[in-house]
Every structure is written in structure tokens, then in C-alpha cells.
Amino acid sequence: MISKAKRGRDTTTKERLIDASSRVQPERAYLVAVEQAESESLWSVEDSLSELGILARTAGAQVVGNMIQRLRHPDVATYIGKGRVQELSDLKKTLGFNLVIVDDELSPSQQRNLEKCIHARVLDRTALILDIFAQHAHTREGRLQVELAQLEYRLPRLAGAGVDLSRQAGGSRSAGPGGAGGAIGVRGPGETRLEMDRRRIRGRISELREEIEAVREQRRVHRQQRAARLMPVVAVVGYTNSGKSTLFNAMTDAGVLAENKLFATLDPTTRHITLPNNQEALLTDTVGFIQKLPTKLIAAFRATLEEVIEADLLVEVVDVVHENAIEQSETVSDVLQSLDAIDKPRVTALNKIDLLEDQADIDRSLYPNAVPISALQRTGLDELRAKIAEVLANTMEVVQVVVPYGKSDLVELFHRRGHVLKEEHRADGTFLKGRIPRSLSGYYREFLVNSLTAQHPE
Ligand code: GDP
Ligand code: MG
């Protein structure tokens, strides 16, 4: 359909690399994936590997090659099997890489064994994602969460060769405070902690948990205040790089960082929006999802993801020109499932249609409440807003009320937060028929007339 060049994915990656190499030589990385015979993943091993390549480049590495190993089961000791280890060891001499990245989560002993045999640092997908998170965490909450996830990941991996290799790699790359420098996988907010012994790491972990709990509590209070203002919350979700931040900016003029990078957004941002029926809502931009995101990692970002968990409606952004659009959307659904958010009302923004030669290509029927848009060119947004309003309206209660003339604030509230279908000025007050959020219906209970809910007296 669309060539990679036209999408401009590679351009940004190159700019980053040039940027990185002006300070230090980019690390040379070799990628390894294992295809398991009985894998239930929707993703092909090739697609997953090419995504790993984008992740590696996002982290600042130069990818010098890759291999796919087909196995019935991953090897317990080395993950890829002895033969392949030898092959990697030989390849290292000809290609000169200092980093091997494996497209799955390795056990600590697999990682150690591989490092020992290949004499290169070995990272898995989880460590790579954590590394990118570390570079993009800007708020206190984001940094706390990343540090916790990194320490939990590193704790069981402290013993053995891994540490020595990480030390060497970290030390040779002029790691500055704040984690911008340093070797991939060993930098970030937790960088200076790497050398701590296990006990101190454990201490730090419980400290971090407490701090995160405090931040969570603040967030909870925040949400309560929001709930008191009775605005529905709409969370933008989607695969990483699908265009969530671009859409968020287009709908709110918020100026959130939108970049052709995986995980440019780590910290949720919330803004106020007004829908076509004058209903107000809060829109939240969230961290992107990605396949093989370990449940432990999802748990580490739970405070951030609570925005998703507590939203009234989800807008899923799908990059329709991506060759894995369907797999990506499936992955988003898997993550939503693990967050217990799968049954929330959902609107799908089929994004980047400006890159399609023929818009008739899009199959709307695959997604719930789908609206084709271009977040970048800001087209289709009115239809998207109308769809959000419509679906939100369905989460509301249909009522008919007569509000006494002395209570005009309730009439105004109905207009702002609800959806008025009919309004009449009667002798005893303002007659309103329409939908209001369930959280608001209490205000109108005493004024109900012949409504659906009036059939269920308390
Ligand atoms: P996020 O990771 O989901 O927040 O994605 P971003 O909003 O950061 O966007 C990722 C990349 O896709 C950026 O380079 C955007 O400019 C690009 N992008 C987003 N929306 C569109 C669109 O409608 N059309 C095109 N052509 N590119 C888009
Ligand atoms: Mg983003």
C-alpha cells in the first residue's frame, strides 16, 4: 500500500542516530528472534523483529544484522540453542557488535549464559523498552515508575557476568546524571543505583513503592475532584506511534510532544474539550501499548494506566497504513483486557488516511464506531467528536424532567453535561427530555416525570 519512505519512519530514526553519534559512537547491535512452533501470537516473527529494530534505533543503537531461529521451545540455558550461540560468537568477530538484543524476555540465567559465551552485552525486549521509557520519563511520577520497573528487572540479574559487563559498558560511555548518556539498558533514573548491592536495591524499591503510592493517592484525589465536576473522561489509547498525541493536540491545542518515535509520551496529560452537542469532557493522552509488554511492566505503569481504567470512554487510535494495523489493534485489546477495560465504550479513530491513495480501502466494519481521520491534517475530527458525543450519550440515562424555574442552574447543567433532545417552557417549570450521565441523575430524581427511570421508584 504505502512505502516506508513515504511514511517517513526512517528519517527520524536517522536524525536521532546522527544526534547520538555526535557525542558517542552508537552501540552496534545484533538482533535475535526465536520463532516458536506453538506460538499463539498474531504477530509473525519477522514483523516482531522489524519492530524490535525500530525500538533498538529509538534507543540509539545501530542495528548491524539479525537472525531468526526456529525452535519448538526456547532453550532453557541459552534461549537460542548452542549452535546459534557459537554462530553469534563468530559473527561478532566479523560484524564487531557489542550488543545482542533478543526479541523476548530472557531469564536471568539465559542472559548470563549468553553474555558469557558471546562476550557481548545481551539485552531482551523488556530491557530495551524500559530503556526507552527511561529516556522519555519527564514527570516525577514517570521517573519513579521507570526506576521501580528497572530495579525490579535488574534485581534478579545482579549476580554474575552481567553486572561486570554492564559496568564496563556504562563506564565507557560517560554517563551523566539524569540518564541521557550511558549504555542502552543501563541508563535512566536508576542508573547510579546499578552498583548498589541487593539489599540497598530492595530498600530503594520499597521507598519507590511508597512514593508511587503517594503520587497515586494525589491522582486519586485529583480524579475525585474531576468527578465532582461531573465531566466524563475520554482516554486516547492505541499502539505506540499510531498518532495518539497528534490527535490529542489537534483536539485540544495542548502541544504535547508528538514524534515519530516509539513511546514519546510516557506521562498522561489531560485537557478539557467541548463536544458538538456542547457537552464537556476531559480528554487524556496516554502511554502507547506494544506487543510483548510484560504484565510486570504494565503493573509498574498502573498509576498512569489508571487514567485508562477509570475512563468513561476510550478512543482507540489505529494507524491504518501500518502493515500490522490489525495485529496492533489486537494487541491493544489484549492490554485493555488485562486492565479490565475491554468492555468500556469505544470509538475507533482510523488515523493517517492522508497517506492512503484510496480511502475506500479502509474497512470500517473491523472496528467499533470507526471514524476515518487524519490527526496530522486535522480532517475527520468533527465526525470523530460527534461520534464520541453519540457514544457517550449511550452511556447516559434517558430522563424527562420538569425543573422548577427557581432552579435554572440544573437546566444549564443538563445542557452542559448532558444531551438535550427536547425543551419546553411549561407553567410549572422547564420541561427537559434528554440524556444525562448516570452520575448526575440524582440531581434530577425529584423532578422526574413519566420517565423510564420513574418506573423504578426507590
Ligand atoms: P503516539 O505515539 O501514538 O502518540 O503517536 P504520535 O502522535 O507521536 O505520532 C507518531 C508519528 O505519526 C508522528 O511522526 C506523527 O507526525 C505521525 N502522524 C500522526 N498522525 C498522523 C496522520 O494523520 N497522518 C500522518 N501522515 N502522520 C501522522
Ligand atoms: Mg504519544
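Preceding this section is the structure that the text describes.
A few points on the structure. These numbers were taken from a predicted model, which means no experiment stands behind them.

### Quick word on the overall build of the protein
A count of helical and extended segments in the protein gives 16 helices and 13 strands. By the burial criterion, 55% of the 458 residues in the protein qualify as buried. For the protein, the accessible area works out to roughly 20,700 Å², and carbon and sulfur atoms hold 48% of it.

### So, the environment of Glu207
You can see Glu207 is positioned in helix H9 (residues 198-228). Spatially, the C-alpha atom of Glu207 lies 9.9 Å from that of Leu144, the residues being 63 residues apart in sequence.

### A few points about the pairing of strand S12 (residues 419-426)
Of the pairings in the sheet, the one linking S12 to strand S13 (residues 429-437) comprises seven bridges and is antiparallel in character. Each residue of the ladder has a partner; that of Val420, found in S13, is Gly434. Connecting the antiparallel pair S12 and S13 is a turn made up of two residues.

### Section: the packing of aromatic side chains
In total, this model carries three aromatic pairs according to the counting rule given. Ring geometry for Tyr30 and Phe97: centres 5.1 Å apart, planes at 25°, overall stacked. Highlighted residues: Tyr30 in strand S1 (residues 28-36) and Phe97 in the loop between helix H4 (82-95) and strand S3 (99-102), separated in sequence by 67 residues. With respect to class, Tyr30 is no different from Phe97; both count as buried. Just above the ring of Tyr153 sits the side chain of Arg157; from NZ or CZ to the centre is 3.8 Å. Positioned above the aromatic ring of Phe431, the side-chain terminus of Arg426 is 3.8 Å from the ring centre.

### Examining the packing of helix H6 (residues 125-136) against helix H7 (residues 140-154)
With their axes 10 Å apart at the nearest point, H6 and H7 run at an angle of 155° to one another. With respect to H7, the axis of H6 lies roughly antiparallel. You can see that H6 and H7 cross each other, and the crossing is left-handed. Contacts between H6 and H7 pair Thr126, Ala127, Leu130, Phe133 and Ala134 from the former with Val146, Ala149, Gln150 and Tyr153 from the latter. When the residues that make up the contact of H6 with H7 are grouped by side-chain class, the tally is seven nonpolar, two polar and no charged.

### Considering H4
Helix length check: H4, at 14 residues, gives a terminal C-alpha distance of 20 Å against a target of 20 Å (1.5 Å per residue), a fit within 8%. The complete set of buried residues in H4 reads Arg84, Val85, Leu88 and Ser89. The arc that holds the buried residues of H4, viewed along the axis, is 145°, so those residues lie on one side. In H4, the exposed positions that point more than 90 degrees away from the buried face belong to Gly83, Lys93 and Thr94. Of the surrounding secondary structure, the elements contacted by the buried residues of H4 are S1, strand S2 (62-71), S3 and helix H5 (108-118). Taken from the residues just after H4, Gly96 is the one with a positive phi, measuring 65°.

### Comments concerning the sheet that holds S3
The sheet built from four strands is open, its strands ordered S2-S1-S3-S4 with parallel pairing. The outermost strands of the open sheet, each flanked by one partner alone, are S2 and strand S4 (121-124). Across this sheet, the average inter-strand angle for adjacent strands is 25°, counted without regard to direction. Bridge count for S1 against S2 is nine bridges, and the pairing is parallel. Counterpart to Tyr30 in the pairing with S2 is Gly65. The strands touched by H4 within the sheet are S1, S2 and S3, with S2 carrying the most contacts at an inclination of about 165°. The sheet strands contacting H5 are S3 and S4, and the helix crosses S4 at an angle near 145°.

### Some thoughts on a nonpolar patch on the surface
A cluster of nonpolar residues, Leu42, Ile326 and Leu366, forms a patch on the protein surface that exposes about 290 Å² of accessible area. Examined against the element boundaries, Ile326 turns out to sit in helix H13 (residues 325-338). Here Ile326 falls in the partly exposed class, since its relative accessible area comes to 47%.

### Some points on the environment of Val347
Summarising the element assignment, Val347 is placed in strand S9 (residues 346-351). Residue class for Val347 comes out buried when judged on its relative accessible area of 0%. For the pair Val347 and Tyr367, spaced 20 residues apart in sequence, the C-alpha separation works out to 8.2 Å. Filtering out sequence-adjacent residues up to four positions away, Val347 remains in contact with Leu313, Leu314, Val315, Glu316, Pro368, Asn369, Leu384, Lys387, Ile388 and Val391.

### Some words on the pattern of salt bridges
For the structure on display, the rule yields 25 salt bridges. Here Glu87 and Arg84 are joined by a salt bridge, their closest N and O atoms 3.4 Å apart. Residue Glu87 and its partner Arg84 are located together in helix H4, separated by three residues, close to a single helical turn. The class for Glu87 is partly exposed, based on a relative accessible area of 37%. The partner of Arg125 in a salt bridge is Asp103, and the shortest N-O contact between them spans 2.5 Å. Remark: Asp103 occurs in the loop between S3 and H5 and Arg125 occurs in helix H6; sequence separation between them is 22 residues. Residues joined in a network through salt bridges with shared partners are Glu51, Asp103, Asp104, Arg125 and Lys292.

What counts, and at which threshold
Every chain is numbered on its own, with residues counted from 1 as its sequence reads. The naming scheme follows written order: chains are lettered A onward, ligands numbered 1 onward. This being a predicted model, a pLDDT of at least 70 is required before a residue's local features are given, and a value of 80 or more before pairs of side-chain atoms are given or counted; all residues contribute to the totals for chains, interfaces and linings. Values shown for side chains rest on all heavy atoms present in the structure; no hydrogens or waters enter the calculation. Here a strand is any run of E in DSSP of at least two residues, a helix any run of H or I of at least four, and the numbering for each starts at the N terminus. With a 1.4 Å probe rolled over the protein chains alone, any residue whose accessible area is under 20% of its type maximum counts as buried; one over 50% counts as exposed, and the rest are partly exposed. Computed by Shrake-Rupley with a 1.4 Å probe, the accessible areas treat only the displayed protein chains as cover when residues are assessed. Pairing between two strands is assigned when DSSP locates at least 2 bridges connecting them. Whether two aromatic rings pair depends on their centres lying within 6.5 Å, for rings of Phe, Tyr and Trp, where Trp uses its six-membered ring; planes under 30 degrees apart make the pair stacked, over 60 edge-to-face, and the rest tilted. Cation placement over rings: the criterion is NZ of Lys or CZ of Arg within 6 Å of the ring centroid and within 35° of the ring normal. For helices, the axis comes from a line fit to the C-alpha atoms of the stretch in contact; other axes are also lines fit to C-alpha atoms, and the angle between any two N-to-C directions lies between 0 and 180 degrees. Angle categories: roughly parallel below 35 degrees, roughly antiparallel above 145, roughly perpendicular from 65 to 115, and oblique for all the rest. For any pair of crossing helices, the crossing counts as left-handed if the nearer helix is rotated counterclockwise from the farther one by less than a right angle, and right-handed if it is rotated clockwise. For this analysis, residues touch if any pair of their heavy atoms sits within 4.5 Å. Three categories are distinguished: nonpolar for Ala, Val, Leu, Ile, Met, Phe, Trp, Tyr, Cys and Pro, charged for Asp, Glu, Lys and Arg, and polar for the others, with Gly belonging to the last. Multiplying 1.5 Å by the helix residue count minus one yields the expected span of that helix. Picture the helix axis, draw a direction to every C-beta atom, and the arc is the one those directions span. The residues that make up patches have over 30% relative accessible area and no salt bridge, and they are joined within 9 Å when like-charged or within 5 Å when they are Val, Leu, Ile, Met, Phe, Trp or Tyr. A pair is scored as a salt bridge if a Lys or Arg side-chain nitrogen falls within 4 Å of a carboxyl oxygen belonging to Asp or Glu.

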